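# Structural overview
Chain residues, written in single-letter form:
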Amino acid sequence: MFKVLLVDDEVYVRKGLLELIQWESLKFSIVGEANNGAEALDMMEQLEPDLVITDIRMPILDGLDLIRSVNEHAGLDSIFIIISGFHDFKYAQQALRYGVHDYILKPIDEEEMTATLRKLSYAMGRKRIATLTNDDLTTSAIMEALVQENLQAEDAEPYAAALGLEGESGFLYAVTEIHAGQQDKQTTVKQFQEALHSLEEGGAGIPVLEQQPGTFGMLLCTGRITGGHGGLALHLERLRAVLSERLNTGLSLYAGDPVDSLVHVHRSYSEANEAARHKYAENTGVIMYSCVTDKPLYVFDMSPVLASKLIMQIEEGNKKDYQQTVNSMFRLFHEQRFTPQAVTGSLSRCMTGILGVIKEMDGNEEEILRLKDLAERGHGQWSLQMLQEHFMQAVQEAAEYIARLRKAQCLGGIKPVKRYIDTHYRENISLKSIAAEFYMNAVYLGRLFRKTYGVYFNDYLLELRIQEAKKLLRQSDLRMYEIAGRVGFQNADYFVTQFEKLEQISPSEYRNMLIHKE
């Protein structure tokens, strides 16, 4: 896997790239995201990415300055792709001077981006294979080469010898995903290899590739497994169970179809990672590509109606209701066979809406960031059950915080509400709209207003409007429909009716009375 760092000050651009491209199928793994060039530079020193995809215009340190800084840094050697919304020849010209691999305009075209990455992956793979020597043919490097699509037939024998697999004629690539909890330490490749070495049936001879933290690929020899497809399924389940016991954690295993030569391992690798996309749709710890290849996956976000329903229930503090909705969402993910990317996008939509409510209620910025971090904390290797528990926790904490914000606002008294009415009475306001503005129950607000000021809300609002209407009748020659609109009435006839009800005289009579006095 080639490591990728995404750099853009717009979080939605980064998230869009994450969901738009099938990174793993192109042999890339996203290892980090940065908001600007300065942050990216610090991350590059730690992560040493093979590829950096960056915007140009960013605060603090822009994309071109980032590339220039990297070129001047002796310890960094990354390939750059620029994505930019600015079709400016000067930018492109400067980028070419810095040796940028490609310059892609926003909005990003999926086919264009995928084609660029596929060609780049092929070139990087060839370069990596070319640099391998007999002295540094590590298992990881060999496995990286095997999963590329450019292995030649003549390379199979020396690679097999380097891996200790001489004479083997059948291979299968399987991905092991460790389901570590929030508080658990991530399993290292060394710990995973030690667990394999403890197996009785040749575990020490299984080559391993760390695809990303917590996810490990294994190259299994099918010639050592008896019983055909059924025997293979049993073998994989036993392997999963033993590894789970050795590592003392839950895990899932995704297997591609067997291939007859190392030259074709890349095919089994792609199939294993495709099987992993079905992980939320199946009820088993082992998913074989052959068992899911004909089952369609749902790749879109869930309905925005369901997300809006959840957000409303959280706002209203209906714990039982929002818990039921979350449970319904996750049943939907499973039954309609959502991909991991579709699940992540759906949950992100919900949490963005929830945090938007908190922000509108003047929630503390630190608390908003904490909840955002809780919602987005890495959960790529979690089971659907773990993900549901985590999301429910985030929803619960957000609901409790919204309740505290609402209580604090209510404790502030009814005075802010009255000030709002006094300021906005000329507009089309109502008890319901004001209650929504102050995140209060309309019935409760009406009772609190009457208790505090000894008058019903509607009567108070009507009095304000009629008094303003009388002032306009005295000081202007505006027509009745104009005055009605000025003081908040949508209908002139209704204005006249309400005026007579309160003043026992029509607006015209009131104005004529003033004229005759003169």
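Each remark here, short or long, concerns the structure printed above.
Here we summarise the structure given alongside this text. (Residues numbered from 1 in each chain as written. Predicted model: local features only at pLDDT ≥ 70, side-chain atom pairs only at ≥ 80, totals over all residues. Heavy atoms only, no water.)

### Focus on the overall build of the chain
From N to C terminus, the chain includes 23 helices and 10 strands. What you see for the chain is a C-alpha radius of gyration of 32 Å, clearly larger than the 24 Å of a compact globule of 518 residues, by over 25%. On the principal axes, the C-alpha backbone points of the chain span a range of 115 × 55 × 35 Å. Out of the 518 residues belonging to the chain, those deemed buried represent 47%. (Helix = DSSP H or I, 4+ residues; strand = E, 2+ residues; numbered from the N terminus. Rg over C-alpha atoms; globule rule 2.2 N^0.38 Å. Buried < 20%, exposed > 50% of the residue type's maximum accessible area, 1.4 Å probe, protein only.)

### Examining the packing of aromatic side chains
Scanning the entire structure with this criterion turns up 17 aromatic pairs. Summarising the aromatic geometry, the rings of Phe 333 and Phe 338 are spaced 5.0 Å apart at their centres and angled 55° between planes, so their arrangement reads as tilted. The interplanar angle of 50° and the centroid separation of 5.1 Å between the aromatic rings of Phe 449 and Tyr 453 together place this pair among those described as tilted. Remark: Tyr 453 and Phe 449 occur in helix H19 (residues 442-453); sequence separation between them is four residues, near one turn of the helix. Of the residues examined, Phe 449 reaches a relative accessible area of 1% and is grouped as buried. Given a relative accessible area of 28%, Tyr 453 falls into the partly exposed group. Of the aromatic side chains, those joined through ring pairs into one cluster are Tyr 298, Phe 300, Phe 330, Phe 333, Phe 338 and Phe 391. Over the ring of Tyr 453 we find Lys 418, and its NZ or CZ is 5.6 Å from the ring centre. In this structure, Arg 465 is placed above the aromatic ring of Phe 489, and the distance from its NZ or CZ to the ring centre is 5.7 Å. (Phe/Tyr/Trp six-rings, centres within 6.5 Å; stacked < 30°, edge-to-face > 60°. Lys NZ or Arg CZ within 6 Å of the ring centre and 35° of its normal.)

### Remarks on the sheet that holds strand S2 (residues 28-34)
Taken in spatial order, the five strands make up an open sheet running S2-S1-S3-S4-S5, and their pairing is parallel. Either end of the sheet is taken by a strand with one partner, and the two such strands are S2 and strand S5 (102-105). For this sheet, the mean inter-axis angle between neighbouring strands, taken without regard to orientation, is 20°. The pairing of strand S1 (residues 2-7) with S2 spans six bridges and is classified as parallel. Residue Leu 6 lies in a different strand from S2, and its bridge partner there is Glu 33. Helix H1 (residues 11-20) contacts S1, S2, strand S3 (51-54) and strand S4 (79-84) of the sheet and is inclined by roughly 170° relative to S2. With respect to the sheet, helix H2 (residues 37-47) is in contact with S1, S2, S3 and S4, its orientation differing from that of S2 by roughly 135°. (Pairing = 2+ DSSP bridges. Axes fitted to C-alpha atoms, helices over the stretch in contact; angles between N-to-C directions. Contact = heavy atoms within 4.5 Å.)

### Looking at the pattern of salt bridges
Per the counting criterion, the structure on display carries 17 salt bridges. Measuring nitrogen to oxygen at the nearest pair gives 3.4 Å for the salt bridge that ties Glu 282 to Lys 295. Taken together, the residues span a long stretch of sequence, with Glu 282 in the loop between helix H10 (265-276) and strand S10 (286-288) and Lys 295 in the loop between helix H11 (289-292) and helix H12 (304-316) at a distance of 13 residues. Of the residues examined, Lys 295 reaches a relative accessible area of 34% and is grouped as partly exposed. Connected via shared salt-bridge partners are Asp 8, Asp 55 and Lys 106. (Salt bridge = Lys/Arg side-chain N within 4 Å of Asp/Glu carboxyl O.)

### Remarks on helix H3 (residues 63-72)
Within H3, burial applies to Gly 63, Leu 64, Leu 66, Ile 67, Ser 69 and Val 70. The distance from a side-chain oxygen at the start of H3 to the backbone nitrogen of Leu 64 is 3.3 Å, and the residue carrying that oxygen is Asp 62. (Polar contact = N/O pair within 3.5 Å; in protein donor to acceptor, adjacent residues only side chain to side chain.)

### Here's the deal with the sheet that holds strand S6 (residues 171-179)
The five strands are arranged S7-S8-S6-S9-S10 in an open sheet whose pairing can be described as mixed. This sheet does not close on itself; its edge strands, each paired only once, are strand S7 (208-212) and S10. Strand-to-strand twist of the sheet, defined as the mean angle between neighbouring strand axes without regard to direction, takes the value 25°. Bridge count between S6 and strand S8 (residues 215-221): seven bridges; the pairing is antiparallel. Its bridge partner being in S8, Tyr 173 is matched across the sheet by Leu 219. Across the face of the sheet, helix H6 (residues 139-146) comes into contact with S6, S7 and S8 while running at roughly 70° to S7.

### A closer look at the pairing of S1
Among the six residues in S1, five count as buried, and that is most of the element. Once the chain exits S1 it traverses H1 before rejoining the sheet at S2, and the crossover so formed is right-handed. Sheet topology note: the S1/S3 ladder contains four bridges and is parallel. Across the sheet, the residue bridging to Leu 5 is Val 52, located in S3. (Right-handed = clockwise from strand over helix to strand, strands pointing away.)

### Some thoughts on the nonpolar core
Core analysis: the biggest nonpolar cluster contains 39 residues, and Met 329, Phe 330, Ile 358 and Phe 391 have the highest contact counts within it. Considering each element in turn, this core owes the most residues, 11 residues, to helix H16 (residues 384-411). What Phe 391 contacts, discounting residues up to four positions off in sequence, is Leu 310, Val 326, Met 329, Phe 330, Leu 347, Cys 350 and Met 351. Core analysis: the second largest hydrophobic core is formed by 30 residues, Ile 142, Leu 262, Ala 276 and Ile 287 among them. (Core = buried A, V, L, I, M, F, W, Y, C linked by side-chain atoms within 4.5 Å.)

### Description of the environment of Lys 451
In this structure, Lys 451 sits in helix H19. Under the relative-accessibility criterion, Lys 451 is labelled exposed at 73%. With 238 residues separating them along the chain, Lys 451 and Pro 213 place their C-alpha atoms 60 Å apart.

### Re the pairing of S8
Counting buried positions along S8 yields seven of seven residues, so the element is predominantly enclosed. With four bridges joining them, S7 and S8 adopt antiparallel strand pairing. Its bridge partner lying in S8, Glu 210 is registered against Phe 216. The antiparallel pairing of S7 with S8 creates a hairpin that spans two residues between the two strands, and Gly 214 there sits at a positive phi of about 90°.

### Comments concerning helix H13 (residues 319-335)
Relative to the 24 Å expected for 17 residues at 1.5 Å per residue, H13 spans 24 Å between its end C-alpha atoms, a close match to the ideal helical length. Regarding H13, the residues found buried are Tyr 322, Thr 325, Val 326, Met 329, Phe 330 and Phe 333. Within H13, the buried residues cover an arc of 130° as seen down the axis, which keeps them to one side. Opposite the buried face of H13, by more than 90 degrees, sit the exposed residues Lys 320 and Glu 335. Just downstream of H13, Arg 337 is the residue with a positive phi angle, here 60°. (Expected span 1.5 Å × (residues − 1). Arc of directions from axis to C-beta.)

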